[in-house]
Amino acid sequence: MREYLLYIKTGETTAMPAQAYVTPCFAVDQSFWREREGCRLHVIGRSPSLALVFSLREAVNARLQERRASSQPWSEEGLSELRQLAVARVREANALYACEAGSAKPLGRTWFTWEDGEGAVRACRSGELWPESAPLADSPTADTSIRELLAGRALLWEELVTLLGKQDVAIEEPDLMAMLQRMVLGERAEWRPGVCLSVAKGWRRRLDLFCERCGSGRRTMELTVCHTCGQGCAYCTACLGMGRSKCCTPYLLVPAPLLSAGEQVEARLAATLDWNGSYSPAQAVAAEQARRFVAAGRPGLSQFLIWAVCGAGKTELLFPSIAEALSAGGRVLIATPRKDVVLELAPRIQRVFPHARVIAVHGSSPEKWEDAQITIATTHQVMRYYQRFPLVVLDEADAFPYHNNPMLYRAVARAVQRGEKLLYLSATPPRYLRKSLVVKTTGMLSPLFARPMLKSATHVLLPGRYHGHALPVPQVVTVQGLHKRLRTGRPITALLELVRRCLESERQLFLFVPRIEDVDRVVYYLASFFPDAAPSVAGVHAADPMREEKVRAFREKRYRLMVTTTILERGVTIPRSDVAVIGAEAPVFDEASLVQIAGRVGRSADDPAGTVLYLQADRAASPRAAVRQIRRMNQLADLLRARGQQA
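The residue count restarts for each chain, going from 1 along the sequence in the order it is written. Reporting in this predicted model follows two pLDDT cut-offs: at least 70 for local features of residues, and 80 or more for side-chain atom pairs to be given and counted; totals over whole chains, interfaces and linings ignore these cut-offs and use all residues. Derived side-chain values reflect all non-hydrogen atoms in the structure, with water molecules and hydrogen atoms excluded from consideration.

Under the annotation held in an unreviewed UniProt entry, the protein carries the name Helicase-related protein and is attributed to Brevibacillus brevis.

Printed below as a string of structure tokens:
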């Protein structure tokens, strides 16, 4: 069982302020400080609970700051007071944890054990030997290798061990812990507990718990009896799918340094863009505006939005920005909410950057622990990066699970290297992004007449598709008893006519439903009306074990009709396809979702038209709002084309 020690470092002169530290291996700290400066180390105490010791460190440092503010000199009486403070805080944490853990019982006599450090004072002066410890032998080659592997990562201890194992790095835990502690003391990394613990002040004292990895608070914490540390040990349920973040798990954050000279040369070679396509005039303006944002020197803008309608060629707009970041000797991360989009995007990016290493990172990806010049990852996987990428592109910023998820906002922001660039890419940007980054024209009579400018220093708007044709405007049809008709097999005329037209004209059809249980129901309904086409009908949802295979079969036209939940609402391009939304009044189909779904139609230049049908059981606001937004974008695109023709 690991133990963590809390000590105070004081200088030999009053000019050096006292500071509290936590260490899992005190001998390393002794060796480090002996080499750096003359000082004294005063042990406060130790505990197996990492969260408790970090909490005490904060309390001790706050008290030391108060003493400095009041010009109180360092003294033995002051040290004794700090030890008493630690004991009192441990006693309080025990009482509060017992109260909040309910009927659970601790493994020992108390929830938290604490061994007071009184009498264990170590002293050091420059040039003298330590009385009880010899310097640790460093292994510079191994240290450098491990530091490079961990650069730009934010990992729990178990993840860290997994990463080293995948890279065939064999190192014993005590040696690894010592090496990492040297990095922490040298300010090249930072330790934290997976879940932090503190006592919240107020009219009623209570435990405050905070997940360092995902930023979740007390409401998502489960208080447990931990058989690893033997202490009171809460864990976070919000990010449990990424591994258990808990009070006794060390969480290591390692900022990435600038790439070495050799790595920068490789990155510049990787910047070679091999793309034979061409931009429309509007696309060329948008791509150049984004590239300038990436190329701008510091201090520069840190956030930029490419607002481009579905089918505007958003991926192609990124090429100059990616090439710019790579040519500057940096790495690029493209974060996107869906695994399906990751799998589709990775080969496209690899084709146009043939000299770059491109990896696809998602939950089951074998490349999850590898390094590359271009990383394409789901937003949850971004939680494992820390200040690593000079350019982070966030695709589909309005989509689930990123939208309205503070945990993922935090993860994406932390993946960006300090002072570098975050580029948003969206067809339907959320209100907070439009408000902060999109500049509007001033209305002549009222702010209601204001409309977004086409470009500014913080955004660019591309309202038209790359082929110049308008976005298909959806038809909204209200069907009385829509869901009952589906259950009882009664005809829904508008839907059946659309299916018949698709089958007769060799087109494909997406049928979106709001719930997983609706998938099989609609598949059965279609098969009952079109028995000859039954082998061409399939259903898919997020938990479907055949998900990837079915989507691939739909791309290859082995299926003609695909009944799906919102997992395919974006990032999937099927030429010559139409769309129907069954139950468009459901809350899962908000305005942005319905616009994205409509955007699946007419994406190819040889088939720019198609049918979008919203079937609703009751009149709802979202379908109408989606239609308004699509019409508004078509009007802006017309205006843009008219300006171009006049020019």
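Read on for the rest.
### Remarks on the overall build of the protein
The cut-off we apply is this: A run of DSSP states H or I qualifies as a helix once it reaches four residues; a run of E qualifies as a strand once it reaches two. Both are numbered from the N-terminal end. For each residue, the accessible area found with a 1.4 Å probe, counting protein chains only, is set against the maximum for its type, and the residue is called buried under 20%, exposed over 50%, and partly exposed in between. Computed by Shrake-Rupley with a 1.4 Å probe, the accessible areas treat only the displayed protein chains as cover when residues are assessed. Neither His nor the chain ends is counted toward charge; the positive residues are Lys and Arg and the negative residues Asp and Glu. Charged side chains are reduced to one point each, which is NZ for Lys, CZ for Arg, CG for Asp and CD for Glu.
Secondary structure assignment for the protein yields 18 helices and 25 strands. A buried classification covers 54% of the 647 residues belonging to the protein. Accessible surface computed for the protein: about 29200 Å², of which carbon and sulfur atoms make up 52%. Separation of charge centres in the protein, based on 84 positive and 66 negative side chains, amounts to 7 Å.

### Quick word on helix α2 (residues 50–69)
Basically, it comes down to this: Given the number of residues in a helix, its expected span is that number minus one, multiplied by 1.5 Å.
With 20 residues, α2 extends 29 Å between its outermost C-alpha atoms, agreeing within 8% with the 28 Å of an ideal straight helix rising 1.5 Å per residue. Considered for burial, the residues of α2 that qualify are Leu 50, Ala 51, Leu 52, Val 53, Phe 54, Ser 55, Leu 56, Ala 59, Val 60, Asn 61, Leu 64 and Arg 67. Taken from the residues just after α2, Ser 71 is the one with a positive phi, measuring 60 degrees.

### A short note on the pattern of salt bridges
For clarity, the threshold we go by: Salt bridge, as used here: a side-chain nitrogen of Lys or Arg that lies within 4 Å of a carboxyl oxygen of Asp or Glu.
On inspection of all chains with the given rule, the structure shows 32 salt bridges. Across the pair Glu 92 and Arg 205 runs a salt bridge whose closest N-O atoms are separated by 3.5 Å. Remark: Arg 205 occurs in the loop between β8 (195–200) and β9 (206–211) and Glu 92 occurs in helix α3 (residues 76–100); sequence separation between them is 113 residues. Under the relative-accessibility criterion, Arg 205 is labelled partly exposed at 39%. The salt bridge partner of Arg 384 is Glu 159, with a shortest N-O separation of 2.7 Å.

### Description of the sheet that holds strand β12 (residues 250–254)
Formally: Strands qualify as paired when DSSP identifies two bridges or more between them. For helices, the fitted axis covers only the stretch in contact; all axes are lines through C-alpha atoms, and the angles between them, taken along N-to-C directions, range from 0 to 180 degrees. The criterion used for residue contact is that any of the two residues' heavy atoms lie within 4.5 Å.
One open sheet holds the three strands; their spatial order is β6-β12-β7, and the pairing between them is antiparallel. Because the sheet does not close on itself, it has two edges, and the strands there are β6 (153–156) and β7 (190–193). Neighbour-to-neighbour, the strand axes of the sheet open up by a mean angle of 20 degrees, direction not taken into account. In this sheet, β12 lies alongside β6 in antiparallel orientation, the contact comprising four bridges. The residue bridging Ala 154 from the neighbouring strand is Leu 253, located in β12. Along the sheet, α2 contacts β7 and β12; its crossing angle with β7, the most-contacted strand, is approximately 115 degrees. Against the sheet, helix α6 (residues 173–185) touches β7 and β12, its axis set at about 110 degrees to β7.

### Section: the sheet that holds strand β24 (residues 577–582)
Taken in spatial order, the six strands of this open sheet run β20-β25-β24-β21-β23-β22, and their pairing is parallel. Here the strands that pair on one side only, and so sit at the sheet edges, are β20 (475–478) and β22 (537–540). With direction set aside, neighbouring strand axes in the sheet form an average angle of 20 degrees. Across the sheet, helix α17 (residues 591–598) lies against β21 (508–512), β24 and β25 (612–616), angled at about 140 degrees from β25, the strand it touches most.

### Regarding the packing of helix α5 (residues 157–166) against α6
When two helices pack together, their arrangement is captured by the angle between the axes and the distance separating the axes. The line we're drawing: In what follows, roughly perpendicular refers to angles from 65 to 115 degrees, roughly parallel to angles under 35, roughly antiparallel to angles over 145, and oblique to any angle outside these ranges. All residues other than Ala, Val, Leu, Ile, Met, Phe, Trp, Tyr, Cys, Pro, Asp, Glu, Lys and Arg, Gly among them, are scored as polar; the first ten of these are nonpolar and the last four charged.
At a minimum axis distance of 13 Å, the contact between α5 and α6 shows a crossing angle of 105 degrees. Taken together, the axes of α5 and α6 are roughly perpendicular relative to one another. Between α5, through Trp 157, Leu 160 and Leu 164, and α6, the contact on the second element is made entirely by Glu 173, Leu 176, Met 177 and Leu 180. Tallied by class, residues from the contact of α5 with α6 come to six nonpolar, no polar and one charged.

### Re empty space enclosed by the protein
If a probe the size of a water molecule is rolled over the atoms, the empty space left behind becomes visible. As a reminder, the rule being used: Buriedness for pockets is judged along seven lines, at least five of which must meet protein on both sides within 12 Å for an open set on the 1 Å grid over protein atoms alone, while cavities are sets there where a 1.4 Å probe fits but cannot get out, and lining residues have an atom within 4 Å of a point. Grid points are joined across faces, edges and corners, and a volume is the space filled by probe spheres set on the points.
Applying the stated criterion to the full structure yields two cavities of 30 Å³ or more. Considered as a void within the structure, the largest cavity measures approximately 90 Å³ in volume. The wall of the largest cavity is formed by Val 309, Cys 310, Ala 427, Leu 471, Pro 472, Val 595, Ala 598, Gly 599, Gln 629, Ile 630 and Met 633. Counting only elements with at least two residues in the lining of the largest cavity, the list comes to α17 and α18 (621–646). Top element by residues in the lining of the largest cavity is α18. It accounts for three residues. Here the residues of the lining of the largest cavity sort into nine nonpolar, two polar and no charged. What the second largest cavity holds in volume is close to 40 Å³. Here the residues of the lining of the second largest cavity sort into eight nonpolar, no polar and no charged.

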